[in-house]
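# Fold and contact review
So the chains spell out like this:
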Amino acid sequence: MIPLIFGEAGENYKIRKIGGNDKTRRHLCELGFVLGELVTVISQHNGDMIVKVKDARIAIDRDMASRIMV
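A short tour of the structure in this document, coming up. Only a predicted model underlies this, so the values are computations on that prediction, with no experimental measurement involved.

Take the sheet that holds strand β1 (residues 12-14) next. An order of β1-β3-β4-β5 is seen for the 4 strands of this open sheet, with the pairing classed as antiparallel. Each edge of the sheet is formed by a strand with only one pairing partner; in this case those strands are β1 and β5 (56-60). Each strand of the sheet is rotated relative to its neighbour by a mean of 35°, with strand direction disregarded.

The following block contains the structure:
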């Protein structure tokens, strides 16, 4: 498992674990980041990412991306 922040653009990853406190995990879940879901890295700039999850493009910052383990 690696943090999503180390993901390569254009690659698909399966979410294995979501870290952080309850509020952070709940927020990520509401955005579609749930265990077993596929996430595609669209682009990355200084750790901030644009990803595709559940047919939606979502921008997440470095902190959030580091809590998603793939």
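Turning next to the environment of Q44. Note on placement: Q44 falls in strand β3 (residues 38-45). Taking the C-alpha atoms as reference points, Q44 and K14, separated by 30 residues in sequence, lie 18 Å from one another. Ignoring anything within four residues of it in the chain, the contact list for Q44 reads I5, G7 and M49. A distance of 2.9 Å separates the side chain of Q44 from the backbone oxygen of I5, its partner in a polar contact.

Turning our attention to the side chain of T40. Here T40 lies in strand β3. Once residues lying within four places of it in the same chain are set aside, the contact partners of T40 are G10, E11, N12, I50, V51 and K52.

As enumerated under the stated definition, the model contains 2 salt bridges in all. With a closest N to O distance of 2.4 Å, D22 and R25 form a salt bridge. One end of the pair, D22, and the other, R25, are both in helix α1 (residues 22-31), 3 residues apart, so they sit about a helical turn from each other. For the salt bridge of R67 with D63, the shortest nitrogen-to-oxygen distance reads 3.2 Å.

Rules and cut-offs
Residues numbered from 1 in each chain as written. Predicted model: local features only at pLDDT ≥ 70, side-chain atom pairs only at ≥ 80, totals over all residues. Heavy atoms only, no water. Pairing = 2+ DSSP bridges. Helix = DSSP H or I, 4+ residues; strand = E, 2+ residues; numbered from the N terminus. Axes fitted to C-alpha atoms, helices over the stretch in contact; angles between N-to-C directions. Contact = heavy atoms within 4.5 Å. Polar contact = N/O pair within 3.5 Å; in protein donor to acceptor, adjacent residues only side chain to side chain. Salt bridge = Lys/Arg side-chain N within 4 Å of Asp/Glu carboxyl O.

So yeah, pure geometry; function would need other evidence.
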